[in-house]
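One-letter residues, chain by chain:
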Amino acid sequence: MEALEAIRQTRIVPVVTFHKPESILPTFGAMLSGKLPVAEITFRTEFAAEAIKLGAMTFPDMAVGAGTVTRASQAEAAIECGAKFIVSPGYSEQVHDICIGADIPYIPGCVTPTEIMNVLDHGIELIKFFPSEQYGGLKTIKALSAAFPQVTFMPTGGINESNLIEYLSNPRVVACGGSFMMSGSYDDIAAKCANAVGLVNSLK
């Protein structure tokens, strides 16, 4: 799917939370200035659906997805607004069913062997390892990888410029999620996105 390919190519998924509508388009513009065309818009505020819709309409080549999706109604709203992928902190069968019906990638959160076995039973092999640092980070990912060789990970939580390369150097880590590049002015965001992209490119 195109959204998953964009995630695999960029290897970074900015986790973006909007608190005011007037910041939506300038933030997307700053991310694109920093050469980072992927965004996971969290459903933590009332502006999530509006941000997804504006982003998808204004920047059609950008992989705009929805994050912190915990209910079926949120998934439906996100997809209706143009979300190209859905991310959850855990696994929801109802959310998964909606994504299957819409042919949209679903990346659920897992941290234990039992949770991973559950999503594997539902055909999911790319998982969000969240919150990563709090659950042992790369050490835990390496241990889980030994038991589940078919699983790949998108760790999120506690990841920043200081440990991004270490995570991405692991062959089982497809991409890392984080909000570390999303603070400050729009110029700051553009610069931080560009720096993150530079770190990824240094691995190639």
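First things first, this report covers the structure right here in the doc.

About the thresholds
Residues numbered from 1 in each chain as written. Predicted model: local features only at pLDDT ≥ 70, side-chain atom pairs only at ≥ 80, totals over all residues. Heavy atoms only, no water. Buried < 20%, exposed > 50% of the residue type's maximum accessible area, 1.4 Å probe, protein only. Helix = DSSP H or I, 4+ residues; strand = E, 2+ residues; numbered from the N terminus. Arc of directions from axis to C-beta. Contact = heavy atoms within 4.5 Å. Phe/Tyr/Trp six-rings, centres within 6.5 Å; stacked < 30°, edge-to-face > 60°. Pairing = 2+ DSSP bridges. Right-handed = clockwise from strand over helix to strand, strands pointing away.

### A word on helix H7 (residues 137-147)
Link 1 in the chain: Restricting attention to buried positions, one finds in H7 the residues Gly137, Leu138, Ile141, Leu144 and Ser145. The buried residues of H7 occupy an angular sector of 125° when projected down its axis, which confines them to one face. Those residues of H7 that are exposed and aimed more than 90 degrees away from the buried face are Lys139, Lys142, Ala143, Ala146 and Ala147.
Link 2 in the chain: Taken together, the buried residues of H7 touch helix H6 (113-121), strand S7 (152-153) and helix H8 (164-168).

### A closer look at the packing of aromatic side chains
Link 1 in the chain: Counted according to the given criterion, the structure contains four aromatic pairs.
Link 2 in the chain: Consider the rings of Phe18 and Phe28, whose centres lie 5.7 Å apart with planes at 50°: the pair is tilted. With Phe18 in the loop between strand S1 (12-16) and helix H2 (24-33) and Phe28 in helix H2, this pair connects stretches of sequence that are 10 residues apart.
Link 3 in the chain: On the basis of relative accessibility, which here comes to 3%, the residue Phe18 falls in the buried class.
Link 4 in the chain: Residue classification places Phe28 among the buried residues on the basis of a relative accessible area of 0%.

### A word on the pairing of strand S2 (residues 38-42)
Sheet faces and side chains relate simply in a regular strand, where the side chains alternate between the two faces.
Link 1 in the chain: S2 sits mainly inside the fold: five of its five residues count as buried.
Link 2 in the chain: Side chains Val38, Glu40 and Thr42 project from S2 onto one buried face, and the interleaved Ala39 and Ile41 project onto a second face that is buried too.
Link 3 in the chain: As paired strands, S1 and S2 are joined by two bridges and run parallel to one another. Bridged to Val16 within S2 is Ile41.
Link 4 in the chain: Regarding the hand of the β-α-β motif, the stretch spanning S1, H2 and S2 is right-handed.
Link 5 in the chain: One ladder, built from five bridges, connects S2 with strand S3 (residues 63-67); its direction is parallel. Its bridge partner lying in S3, Val38 is registered against Ala63.
Link 6 in the chain: Handedness of the crossover is the feature at issue here: the chain leaves S2, passes through helix H3 (residues 48-58), returns alongside S3, and the resulting connection is right-handed.

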